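Spelled out, the chains give:
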Amino acid sequence: MPNSLEGQFIRLEVISGKHLQVPSERAPAGIYVSINVDSRRRWKSAIKVLSSDESVAWGDTATLSLDASSKLSLDIRASFELNRMLGSGELIGELEVTWDELLDHGDEPFNLSFPPVRGGCPSLMLKAAVVHSCDNQDSALLYSTAECEIDRDTDAGHARFAEYVSSERVSHLNDAVEHFQSVLDQCPVDHPDRAAVLTNLAWARLKSYIEGDFQDIDSVTSLFREALALRLQGHPDYPLSLYYLAEALTWRYSKEGTAIYIQESAQLYRKLLPLCPEGTYLRTIAAGENGVDYVIGECNNLPTDASDEGIHLRRIVLQLCPPGHQYHPDALNQLSSALQLRFRQCGSIDDIDESIRVGREAVSLCPEEHTSRATYLKILGYSLRHRFDHQGRSHDLDEAICVYEEALRMCPVGHKTRCLSLDTLGGALRVRFIKRGDVDDINKAISLRREALMLSPPGHPHHDTALNNLAITLKIRYNELNVSEDLDEAINLYRESLRLTRLEDPQRPRNLSNLSSVLRSRFTKTQKNEDIEEAIRLCQESLEALPSLHPDRSSSYVWLQEAYLSRYRVQRKSADLSLAVENFRLASQHPTQGFPERIKEAIDWARQTEVYQQQSALEAYKICLELIDNHMMTRSSIISRREAATAFHGAQSLPVDAASCAIRRNNVRQAVKLVEQGRGQQWSLASRLRTPLEDLESTSPELARKLSELRKSLSDAQGSAASTDRAAADRTATEYRRLTRQWDAAVAEIRNLRAFSRFLLPLLYEDLQAAARQGPVIIFIASQYSCSAIIVPTSGEPHHVPLPSVTLTDLNNLKDRFARAIRHASTMGPKVPRNDLIVLLRTVWNEIMLPIINVLQHVLKLNSLSRIWLCPTAAFTSIPLHAAHPFQTNADRSKEPCLEDLFICSYTPTLSALVRSRRMMKKRVAPSFATIGQGQPGAGKGKALLAVDSEVELVRKLVPETANRTNISGDAATRAGALEALEENTWVHLACHGKQDPTQPYDSHFVMRDGPLTLLDIMEKDIPHAEFAFLSACHTAVGDKETPDEVIHLAAGLQFSGFKSVDDAVAKHVVEAFYKNMFKDLEEGGEMDCTKAAWALNRATHAVKTKVPLEQRMVFVHIGLDSEGSSSGENDLYIWWGYCK
């Protein structure tokens, strides 16, 4: 060193390092540089995290005196602790340099290379300069070289371990373990370095385990676990401890194959990866092919586990491989499969919905030519099939078939999984045959499954399944087409399948019940007792093997019920009928089975108890109606609820059959409740979201606010129509169910409040009787078992009025005869007698209305022109009950009065509708009147209505000037314009085409200039101050024939939306007479009052008898309430409707 430099200092900047590989191949916490200053001191840089390219950036500076020796020693070392370092770490490179060598580069940075390590040459980038004074800024980085014993033993262990890695001499490894164990012995449980000591010893022992020289892997993982427990989340060395334990568990799994170790490793990686910044060395090795990628691959190869822990693992694996990761599609598919299996075991609809969602995503991410696509398609198809079985949505079945067909195309002849594709497609076609009855489907299904069996010979893992599935398909064809050879073949196939099925096989219980079902079928044909005895035994064995909540128990109950019932039909032992009923009960109430299957079973239960006069009939009907109501509540849209309601054969007549059953058991109150529960379900479900909350607000404002917010969220969530985007529709359904659960929880909380115990529960008889507050309500029961009427009086018990001479067949014939007679009358001149209609209306008077009138007059003592409400059901809804007439002249030449001479009649779809309307009444506002006329609907929307303009003008003249009047006609009478008028006015007169859609009643509509104003539009609109609507349109009260005795038509839609009165007229005579009577008192200073509507119509129809033919007068009907004489001050609801203009 030149004398001129004595007494001066050198400032050495350690900028960065490259190719910094650790000789022992152990993942370091960080890298640092050490400079030996003298025999007592050394300078150390900061410990910096190694980058993924094995480089480090420091930027640390050392100021060193040049009075020391002419040389200095530079070390690059790996530290295995970031927080508190134990010892000096592992040496990566060591180099002696002179001051001159450092200063030869002037002010420019330069590289200093170190001896090679694992094929690479570590290097440092430095910068050196002479300074004339030391500011001691770096004094904090000067450390004493004095070491304690645990430091020396730790350093010795690192050195010997590195030597072992390079030499592979076990003695070096043993020495390393001995040094690390010695250090551990010196560090009690509260020693601050204990975690580092445990980790060092565990890593050395893990290396010995990997090489096969050490077998006690439990002690290794225990050491790593103890170290991790000492480094809680937030500790600088927590991520590295996670990595070390994950590595140990992964190695253990690779040697032992025990799933719990790779599962725990996945959980550790899920915690680790978010803590490893991108670009770090730890991130690279943790996320690499020997780290998390290996764990993901192995987890994806594990058997499907439907436990909560198994599903949790699949979610963890999915988090480990986000979108874009090579294993992401497979992780989605594995999660879909696990969720599907849990659904099959537990029946949660949320599981199968999520399975379909992630299954679709997996398929979408898999190219058509990818070998895994066929597998993904099959899993998706299975999930769609299971949801169809559970929910009964036909589009799921159609999608499953499309998915299976694509999967089969990807498995040509010779493909190893073709047999599975054939089998699954055959199963879906079998189900579609059951639903739609296309014989081509069942024949193709059998053909596909025969080929699947041929490709799965004895010894093939799919052989027993192929046998069972072909047998199922043959049995279905036998059931529907009575091909006897199919039944014998099915029995033989089932027996062979069962023989090959292991006792512990989860499919065995299903195979047992399947064999039972075909033996029961053969018994009904041959009546061989051994068949039915074996069938019963097999079902019992199946049930014994299944957990109490397994969905398959339901089908076993069904087959056992059928077996007992079959034996009862032959042997007539009452015990068999009781056992059949008990299994009906268990099958229909099994909680993990889907609503569709439970509803079918409950309907069959009700029908069989009627056939055999079994005492549980009323219970069966109650369960039917409850299940249908609950099933419809799961549907997120109005349209899908109707689809759900129309899906079950025999469900349409359940409400009236249930009421008939209660009547025959002398329980008339129960009959009223049942017919109410079953009818008008669509309106009842929708009205739950419009329940007034004023009373609740005064008791619990917080709960009222919560329910109001949920009500809005549910209204927003329920789609009005089926979406063509299945994934979007599924997301909507899932969100709707989530909100429904919150709604149910809130309602349960409200019911715990005093005075709210029956909040939103079905009305009791006492509550329903409020519908008769202003006059009795007559419910007409048209059942296949009996026809009768129930009169609900203003107070007291309901009155049952038998109609012994009327049957359901009679009513259907009467309905058809009315339709023909009305069509015929429309072709006749106005003066020609309507003899056919007279005969029919006389029949209605004598056979139906006269017994009821006798009770009204002689038992209830009703005065002349009192108010009554008619509530028809089933076939009664198509008969003009209000027009009943004796057409008889007395001896004094006076005419016998007809029904409308005796009483002022209204109709109501249900008692609940009347009660609900009163509850929803708002304070009256100043009346406003809108006339909406559309006589020129546009091309293709119906013929021109030439009288509309004159009708609009007539109404304008009749409505008093004091009312706020609005006229909308011509181009202004659009869908939006009509909706706005309905919203903003209290009274509305509609003159236009009205069209009923028999296949989709919610598409029934009024024809506007630019398009239809549908029933759905009206239902979804908030119409806050509605009071009265007059419908001068065709078909506005033609109901839905498919739903369980529903009344779904345009008039009912306006009632639901809040209109207090709706009128459906056909002639200007009635319009004029009606409005003159409505506004009669205004000349004397009165107010517009919708409560006069029923009386005004009664007077109008009498006034036009000589002007309007009989068949046209019959169409005028009032639907709704009347508050005349009410002391409550409520505004009541009126609706008018008719048959056709």
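Residues numbered from 1 in each chain as written. Predicted model: local features only at pLDDT ≥ 70, side-chain atom pairs only at ≥ 80, totals over all residues. Heavy atoms only, no water.

Caption draft 1: Seen up close, the overall build of the protein. Broken down by element type, the protein carries 43 helices and 24 strands. Burial status across the protein gives 56% buried among its 1141 residues. The long-range share in the protein, meaning contacts at least 24 apart out of those at least 6 apart in sequence, stands at 70%. Split by element, the accessible area of the protein, about 47,700 Å² in all, is 49% carbon and sulfur. (Helix = DSSP H or I, 4+ residues; strand = E, 2+ residues; numbered from the N terminus. Buried < 20%, exposed > 50% of the residue type's maximum accessible area, 1.4 Å probe, protein only. Contact = heavy atoms within 4.5 Å. Areas by Shrake-Rupley, 256 points an atom, 1.4 Å probe, with all protein chains shown as cover.)

Caption draft 2: Up close: the packing of aromatic side chains. Counting across every chain of the model gives 14 aromatic pairs. Ring plane angle 65 degrees and centroid distance 5.9 Å describe the contact between Phe929 and Tyr1075, whose orientation is recorded as edge-to-face. Of this pair, Phe929 sits in strand β15 (residues 928–933) while Tyr1075 sits in helix α41 (residues 1068–1078), and the two are 146 residues apart along the sequence. Assessed through its relative accessible area of 1%, Phe929 is described here as buried. Sitting above the plane of the Tyr209 ring, Lys255 keeps its charged end 5.4 Å from the centroid. (Phe/Tyr/Trp six-rings, centres within 6.5 Å; stacked < 30°, edge-to-face > 60°. Lys NZ or Arg CZ within 6 Å of the ring centre and 35° of its normal.)

Caption draft 3: Seen up close, the pattern of salt bridges. Enumeration according to the criterion identifies 49 salt bridges in this entry. The partner of Arg502 in a salt bridge is Glu504, with the nearest N and O atoms 3.0 Å apart. The exposure class of Glu504 is exposed, given its relative accessible area of 58%. Salt bridges linked by common partners bring Arg495, Arg508, Glu534, Arg537 and Glu541 together as one network. (Salt bridge = Lys/Arg side-chain N within 4 Å of Asp/Glu carboxyl O.)

Caption draft 4: Representation of the sheet that holds strand β1 (residues 9–18) in the model. If you trace the four strands from one edge of the open sheet to the other, you get β4-β1-β8-β7, paired in antiparallel fashion. Of all strands in the sheet, those bounded by a partner on one side alone are β4 (56–65) and β7 (110–113). With strand direction ignored, the average angle separating the axes of adjacent strands in the sheet is 30 degrees. Sheet topology places β7 next to strand β8 (residues 123–131); four bridges connect them, and they run antiparallel. For Ser113, the partnering residue across the bridge sits in β8 and is Ser123. (Pairing = 2+ DSSP bridges. Axes fitted to C-alpha atoms, helices over the stretch in contact; angles between N-to-C directions.)

Caption draft 5: Seen up close, helix α31 (residues 726–751). A rise of 1.5 Å per residue sets the reference length of α31, with its 26 residues, at 38 Å; its end C-alpha atoms lie 37 Å apart and thus fit the reference within 8%. When α31 is considered as a whole, its buried residues turn out to be Asp730, Ala733, Tyr736, Arg737, Leu739, Thr740, Trp743, Ala746, Val747 and Ile750. (Expected span 1.5 Å × (residues − 1).)

Caption draft 6: View of the environment of Ile31. Note that Ile31 resides in strand β2 (residues 30–36). When its relative accessible area of 0% is taken as the criterion, Ile31 is described as buried. When the C-alpha atoms of Ile31 and Ile47 are compared, they prove to be 5.3 Å apart, with 16 residues separating the residues in sequence. Setting aside anything within four residues of it in sequence, one finds Ile31 in contact with Leu20, Ala46, Ile47, Lys48, Leu50, Val56, Trp58, Ile76, Arg77, Ala78 and Ile92.

Caption draft 7: Highlighting the sheet that holds strand β19 (residues 1005–1007). Taken together, three strands build an open sheet; the order of strands is β18-β19-β20 and the sheet is antiparallel. The sheet is open, and its two edges are formed by β18 (994–995) and β20 (1012–1014), each paired on a single side. Here β19 runs beside β20; their pairing, made up of three bridges, is antiparallel. Across the sheet, residue Phe1006 finds its bridge partner in β20, namely Leu1013.

Caption draft 8: Representation of the packing of helix α10 (residues 308–320) against helix α11 (residues 328–346). The geometry of α10 relative to α11 is characterised by a closest axis approach of 9 Å and an angle of 165 degrees between their N-to-C directions. With respect to their mutual orientation, α10 and α11 come out roughly antiparallel. The hand of the α10/α11 crossing is left-handed. Residue-level contacts link Asp308, Ile311, Arg314, Arg315, Val317 and Leu318 of α10 to His328, Ala331, Leu332, Gln334, Leu335, Ala338, Leu339 and Arg342 of α11. (Parallel < 35°, antiparallel > 145°, perpendicular 65-115°, else oblique. Left-handed = near helix turned anticlockwise from the far one by under 90°.)

Caption draft 9: Highlighting the environment of Ile853. Along the polypeptide, Ile853 turns up in helix α34 (residues 835–858). Of the residues examined, Ile853 reaches a relative accessible area of 1% and is grouped as buried. In this structure the C-alpha to C-alpha distance between Ile853 and Leu899, which are 46 residues apart in sequence, comes to 8.3 Å. The residues contacting Ile853, other than those within four sequence positions of it, are Trp845, Leu899, Leu902 and Phe903.

Caption draft 10: Region of the structure containing the packing of helix α23 (residues 595–611) against helix α26 (residues 654–664). Look at α23 against α26: their axes get within 12 Å of each other, and the N-to-C directions meet at 40 degrees. Judged by the angle between their axes, α23 and α26 are oblique. Here α23 runs over α26; the crossing is left-handed. Residues Ile603, Arg607 and Glu610 of α23 form the contact with α26, whose participating residues are Leu654, Asp657, Cys661 and Arg664. Partitioning the contact of α23 with α26 into residue classes produces three nonpolar, no polar and four charged. (Nonpolar A, V, L, I, M, F, W, Y, C, P; charged D, E, K, R; others polar.)

Caption draft 11: Region of the structure containing the side chain of Ser79. With respect to the secondary-structure elements, Ser79 resides in strand β5 (residues 71–79). Only 2.6 Å separates the side chain of Ser79 from the backbone oxygen of Glu81, close enough to count as a polar contact. Residues in contact with Ser79, not counting those within four places in the same chain, are Pro28, Ala29, Gly30, Tyr32, Ile47 and Met85. (Polar contact = N/O pair within 3.5 Å; in protein donor to acceptor, adjacent residues only side chain to side chain.)

Caption draft 12: Molecular detail of the state of the cysteines. Applying the stated rule across the entire model yields zero disulfides. Lacking any disulfide linkage, Cys411 is separated from the closest cysteine sulfur, that of Cys419, by 9.1 Å. (Disulfide = S-S within 2.5 Å.)

Caption draft 13: The arrangement of helix α3 (residues 170–185) in detail. Its 16 residues place the ends of α3 22 Å apart at the C-alpha level, agreeing with the 22 Å of an ideal helix rising 1.5 Å per residue. The elements touched by buried residues of α3 are α2 (149–167), α4 (194–210) and α5 (217–230).

Caption draft 14: Structural context of unusual backbone geometry. Phi at Glu54 takes a positive value of approximately 60 degrees, unusual for a residue other than glycine. Locating Glu54 in the fold gives a position in the loop between β3 (41–44) and β4. If you check the backbone angles, Gln613 has positive phi at about 50 degrees while not being a glycine. As for its placement among the helices and strands, Gln613 is situated in the loop between α23 and α24 (617–633). In this structure Gln613 comes out as exposed when scored by relative accessible area, which is 58%.

Caption draft 15: Highlighting the confidence of the model for the protein. Overall, the predicted model of the protein reaches an average pLDDT of 84, with 87% of residues at or above 70. Predicted confidence for residues 1043–1066 stays below pLDDT 50, and this span has 155 contacts to residues more than four positions away or in other chains. Across residues 1123–1141, confidence stays below pLDDT 50; counting only partners more than four residues off in sequence or on other chains, it has 105 contacts. (pLDDT = per-residue confidence, 0-100.)

Caption draft 16: Spotlight on the environment of Leu173. In this structure, Leu173 sits in helix α3. In contact with Leu173, other than residues within four places in its own chain, are Phe161, Tyr164, Ala204 and Ser208.

Caption draft 17: Examining the side chain of Asp293 more closely. Mapping Asp293 onto the fold places it in helix α9 (residues 292–300). Here Asp293 occupies a buried position and makes no salt bridge, while the nearest side chain of opposite charge, Arg283, is found at 9.4 Å. (Lys, Arg positive; Asp, Glu negative; His and termini not counted.)

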